[in-house]
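# Examination of the molecular architecture
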Amino acid sequence: MFSSLWYGGDYNPEQWTPDVWDDDVRLMRRAGVTVATVGVFSWAKLEPADGEFDFGWLDDVIDRLHAGGIGVDLATATAAPPPWLAREHPDTLPVMADGTVLGIGSRQHYSPSSATYREYAARLATRIVERYADHPAVIAWHVNNEYGCHVPRCWSDESAVAFRAWLAERYGDIETLNDAWGTAFWSQHYASFDEVMPPRAAPASINPTQQLDFDRFGSDALLALHRMECDIIRARSDKPITTNFMGFFKPADYWRWAEHVDFVTDDAYPDPADPRAIPFAAAVRDLMRSLAGDKPWILMEQATSAVNWRPRNAPKPAGMFRRLSLQSIARGADGIMQFQWRQSVRGSEKFHSAMVPHAGEDTRIYRDVCALGEELAGLTSVIGSRVPSRVAVMFDWDSWWAVEQTDTPARVSYIRAVLAWHAALYRAGVTVDFASKDSSLDGYDLVIVPTMQVVTPEVQARVAAASGRGATVLVTYQSAILDEGLGVLPGGYLGAWQELLGVRVEEFAPYAQPDQFFDAPATVPVSSLDGELAGGIEGWSEVVHADAAEVLATFTEGLAAGGPAITRRAGAEGAGAAWYVATQPSEALADAVVARLLADSGVAPVATSASDEVEAVRRGDRLFLINHGATAAEVEWDGGAATLDAGEVRVV
Ligand code: GLA
Ligand code: GLA
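### Digging into the overall build of the protein chain
If you tally the helices and strands in the protein chain, you get 17 helices and 27 strands. The C-alpha atoms of the protein chain give 26 Å as radius of gyration, which agrees with the globular expectation for 652 residues (26 Å, within 12%). In terms of principal-axis extent, the alpha carbons of the protein chain reach across some 75 × 70 × 50 Å. Residues counted as buried form 59% of the 652 residues belonging to the protein chain. By element, 51% of the accessible surface of the protein chain is carried by carbon and sulfur atoms, the whole surface being about 25,300 Å². In the protein chain, 53 side chains carry a positive charge and 88 a negative one; their mean positions are 5 Å apart.

### Quick look at empty space enclosed by the protein
Counted by the stated rule, this structure contains four cavities of 30 Å³ or more. In this structure, the largest cavity spans a volume of roughly 50 Å³. In terms of lining residues, the largest cavity is bounded by Thr 304, Lys 316, Pro 317, Gly 319, Met 320, Phe 321, Arg 364, Ile 365, Asp 368 and Val 369. Elements with a contribution of two residues or more to the lining of the largest cavity: α11 (320-330) and α12 (364-377). For the lining of the largest cavity, the per-class residue count stands at five nonpolar, two polar and three charged.

### A closer look at a negative patch on the surface
Taken together, the side chains of Asp 438, Glu 458, Asp 483 and Glu 484 present a region of like negative charge at the surface. Following the sequence through the fold, Asp 438 ends up in the loop between β11 (432-435) and β12 (446-449). The class for Asp 438 is exposed, based on a relative accessible area of 66%.

### Considerations on the packing of aromatic side chains
Counting across every chain of the model gives 34 aromatic pairs. Geometrically, the ring pair formed by Phe 248 and Phe 434 is edge-to-face, given 5.6 Å between the ring centres and 80 degrees between the ring planes. Linking Phe 248 in the loop between β6 (244-245) and α9 (254-257) with Phe 434 in strand β11, this pair joins segments that are 186 residues apart in sequence. With a relative accessible area of 12%, Phe 248 lands in the buried category. Since its relative accessible area comes to 3%, Phe 434 is described here as buried. A connected cluster of aromatic rings, assembled from ring pairs, spans Tyr 147, Phe 245, Phe 248, Phe 249, Tyr 254, Trp 257, Phe 280, Phe 395, Trp 397, Trp 400, Tyr 414 and Phe 434. Sitting over the ring of Trp 16, Arg 342 keeps its end group 5.5 Å from the ring centre.

### Examining α12
Between its terminal C-alpha atoms α12 stretches 20 Å, which fits the 20 Å expected from 14 residues at 1.5 Å a residue. Among the residues of α12, Ile 365, Tyr 366, Val 369, Cys 370, Leu 372, Gly 373 and Leu 376 are the ones counted as buried. Buried residues of α12 fall within an arc of 165 degrees about the axis and therefore sit on the same side. Buried positions along α12 lie against β1 (6-11), α1 (18-31), α11 and β9 (333-338).

### So, the environment of Leu 93
Along the chain, Leu 93 turns up in the loop between α4 (83-88) and α5 (115-132). Distance in space between the C-alpha atoms of Leu 93 and Tyr 117 is 8.6 Å, their sequence separation being 24 residues. Setting aside anything within four residues of it in sequence, one finds Leu 93 in contact with Ala 86, Val 101, Leu 102, Ile 104, His 109 and Ser 111.

### Remarks on the sheet that holds strand β20 (residues 578-581)
Taken together, the ten strands give an open sheet; going across it, the order is β11-β10-β12-β13-β20-β19-β18-β15-β16-β21, and neighbouring strands pair in mixed fashion. The sheet is open, and its two edges are formed by β11 and β21 (584-585), each paired on a single side. Judged from the four bridges that link them, strand β19 (residues 564-569) and β20 form a sheet pairing that is antiparallel. When the sheet's bridge partners are listed, Ile 566 is paired in β20 with Val 581.

### Observations concerning the sheet that holds strand β23 (residues 614-619)
Spatial ordering of the open sheet is given by β23-β24-β27, a layout of three strands whose pairing is antiparallel. Where the open sheet ends on each side, the last strands, each with one partner, are β23 and β27 (649-651). Neighbour-to-neighbour, the strand axes of this sheet turn through a mean angle of 10 degrees, independent of strand direction. In terms of strand pairing, strand β24 (residues 622-627) meets β27 through three bridges, oriented antiparallel. Across the sheet, residue Phe 624 finds its bridge partner in β27, namely Val 651.

### Regarding the site of ligand 2
Around ligand 2, the neighbouring residues are Phe 41, Arg 107, Asn 145, Glu 146, Asp 267, Tyr 269, Glu 301, Trp 309, Phe 339, Glu 349 and His 352. Contact distances for ligand 2 include 2.9 Å between an oxygen atom and a side-chain N or O atom of Arg 107. One of the side-chain nitrogen or oxygen atoms of Tyr 269 is found 3.4 Å away from an oxygen atom of ligand 2. A total of 310 Å² of accessible area belongs to ligand 2 in isolation, and the protein chains cover 96% of it. For the shell around ligand 2, the residue count by class is four nonpolar, two polar and five charged.

### Some remarks on the packing of α1 against helix α3 (residues 56-67)
Between α1 and α3, the shortest axis-to-axis distance is 10 Å and the interhelical angle comes to 25 degrees. Put simply, α1 runs roughly parallel to α3. α1 and α3 meet at a crossing whose hand is right-handed. Facing Pro 18, Trp 21, Asp 22, Val 25, Met 28 and Arg 29 of α1, the residues of α3 in contact are Trp 57, Asp 60, Val 61, Arg 64, Leu 65 and Ala 67.

### Regarding unusual backbone geometry
Geometrically, the link from Phe 339 to Gln 340 is a cis peptide bond, its omega value of -10 degrees lying close to zero. Within the fold, Gln 340 resides in the loop between β9 and α12. At Trp 186, a position not held by glycine, the phi torsion is positive, near 50 degrees. Summarising the element assignment, Trp 186 is placed in the loop between α7 (174-181) and α8 (208-234).

### Section: the pairing of strand β13 (residues 472-476)
The element β13 is extensively covered by neighbouring structure, given that five of its five residues are classed as buried. Burial of β13 is two-sided: the residues Thr 472, Leu 474 and Thr 476 facing one way and the residues Val 473 and Val 475 facing the other way are all buried. Examined bridge by bridge, β12 and β13 share four bridges and lie parallel to one another. Its bridge partner lying in β13, Ile 448 is registered against Leu 474. Between the parallel elements β12 and β13, the chain passes through helix α15 (residues 457-468) in a crossover that is right-handed. As paired strands, β13 and β20 are joined by four bridges and run parallel to one another. Paired with Thr 476 across the strands is Val 581, a residue of β20.

The rules behind these values
Residues numbered from 1 in each chain as written. Chains lettered and ligands numbered in written order. Predicted model: local features only at pLDDT ≥ 70, side-chain atom pairs only at ≥ 80, totals over all residues. Heavy atoms only, no water. Helix = DSSP H or I, 4+ residues; strand = E, 2+ residues; numbered from the N terminus. Rg over C-alpha atoms; globule rule 2.2 N^0.38 Å. Buried < 20%, exposed > 50% of the residue type's maximum accessible area, 1.4 Å probe, protein only. Areas by Shrake-Rupley, 256 points an atom, 1.4 Å probe, with all protein chains shown as cover. Lys, Arg positive; Asp, Glu negative; His and termini not counted. Charge placed at Lys NZ, Arg CZ, Asp CG, Glu CD. 1 Å grid on protein atoms, 1.4 Å probe; cavity = no way out; pocket = protein on both sides within 12 Å on 5 of 7 lines; lining within 4 Å. Points joined across faces, edges and corners; volume = space filled by probe spheres on them. Nonpolar A, V, L, I, M, F, W, Y, C, P; charged D, E, K, R; others polar. Patch = residues over 30% accessible without salt bridge, like charges linked within 9 Å, V, L, I, M, F, W, Y side chains within 5 Å. Salt bridge = Lys/Arg side-chain N within 4 Å of Asp/Glu carboxyl O. Phe/Tyr/Trp six-rings, centres within 6.5 Å; stacked < 30°, edge-to-face > 60°. Lys NZ or Arg CZ within 6 Å of the ring centre and 35° of its normal. Expected span 1.5 Å × (residues − 1). Arc of directions from axis to C-beta. Contact = heavy atoms within 4.5 Å. Pairing = 2+ DSSP bridges. Axes fitted to C-alpha atoms, helices over the stretch in contact; angles between N-to-C directions. Near = heavy atom within 4 Å. Polar contact = N/O pair within 3.5 Å; in protein donor to acceptor, adjacent residues only side chain to side chain. Parallel < 35°, antiparallel > 145°, perpendicular 65-115°, else oblique. Left-handed = near helix turned anticlockwise from the far one by under 90°. Right-handed = clockwise from strand over helix to strand, strands pointing away.

In structure tokens:
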């Protein structure tokens, strides 16, 4: 799709005068910039009054970039409506669950379900695409920006109408909805769709299925906006389309979104002060590659150094900007973009780092920007090459939404439950793909199903079939508790996976919540029957019956003490082993389980190192070795060994 790696950033020329634009092009060329994302927040400048368009300045900017050999990722500019739209049409503003109307003076102040917003956004996008579709500088379309970042949901009357239409489409008739939502409970029975409301502020907890459907609807409502703009573009241009995702972003089910972009893009801001942010960032890159499937993915935004939106904004220390960029390339990215090109001097983001900082070009940051541009120019041949993985970790937005509702056995962080396993595989040097409930599991030798609370018969069958053909499977606690309508799977939970795993769950027994001021987070040991599965667990135990599985570790405290905590059912005749971990493991315990899973599945690490801070990933015929640590580290791989200096990246 693209012949060079994308390198550049969000470019907001409307914040500057034309003499600065010339300097921008000069500095971009010096830095090896190949692409600028233009116009993301330009609506007020492009349409200063209703129906009055001014494209002259944008023509000028795009022509200058083109003359400098820089491609343009052109935004449809619909992410921040101008003040006049809210004044003329207050119905475009979003309404919160408590009735608060969000106002202007910031950005993204539109209701996804507002017909008026859609009409104005469609008109603007149409004008932009018609004007620039054939401009040789334009290489891609950037639809809106970070859908749902600030306004993931709207509870307005107009959104209520849209929610009802979505429900009518899903359920057909109101009695089907009543059955699915279990409205016999608390006198919630509806006589018609007209009575149904979005989950607005209410006296106590709102019907869980209503909440889940509002999440599904909310993601779809944003996606409908995106698709509207895609239709406008595709009717007038065959250049590729994207919209920037935000990693593990709860409000948008990106499995459903990914099919509606031509290439996946992601905005990622790992906290430079938090070492856990590095394996987490690796997981985000893996999610993007998995969402993209056969399509490219590009890192659309990152910071060269500090952001401005945390309570304290640490700068990136020397080398981290490069290491995190190459981490993305290693994990499949075909480009590295930044927010933003030139650091603002006014407005909310003036303290956010950029490629050209306030201090100008004679700076650490701009020198690092130039060095990375040069390095990426030498990596062009990675484009399109694949990142092999034999391990799939399943990730499911329905389960995320459901498991984090209130009125559950315990507050569980879904991301923590899932990423504990990704992180353990990362520490083991194993590359992981993510899989949705609908993804094919063919080709994976190890399938991990963490806390998939909401299941369908199809996903239960697909996971069992993977085991049947020899893949090792791990299912963890709070999986297969509910069907898609959040109805309980009775008779020991786990549904069809009881047979796969050889276990059933009789009762939940979470441990007391540590007091946030007085207690250290409690970890309780499990007792390992073979001495190998050592380490603690957090928060959760349950009463498990291992009817047809070997018990490898038991709980030591509480109601479930003495009962199975970790079980393994050996695979018969070509089938893979099926593991159940009935709790949230500590790092040490997850590492011990992963070592056993790798042995069962025959999956080998890409490389091994005594240091947890060494990352090793294969992409195409290259091996990327990254030492995120502050000391030198030895690393060994099939056919080689090396000592990496502190902070070193080596591409073999
Ligand atoms: C109260 C209510 C019941 C039920 C219980 C749950 O007692 O009257 O309807 O909700 O709480 O603990
Ligand atoms: C997001 C937005 C950008 C900018 C950055 C700041 O990624 O898309 O416009 O606000 O955050 O980190």
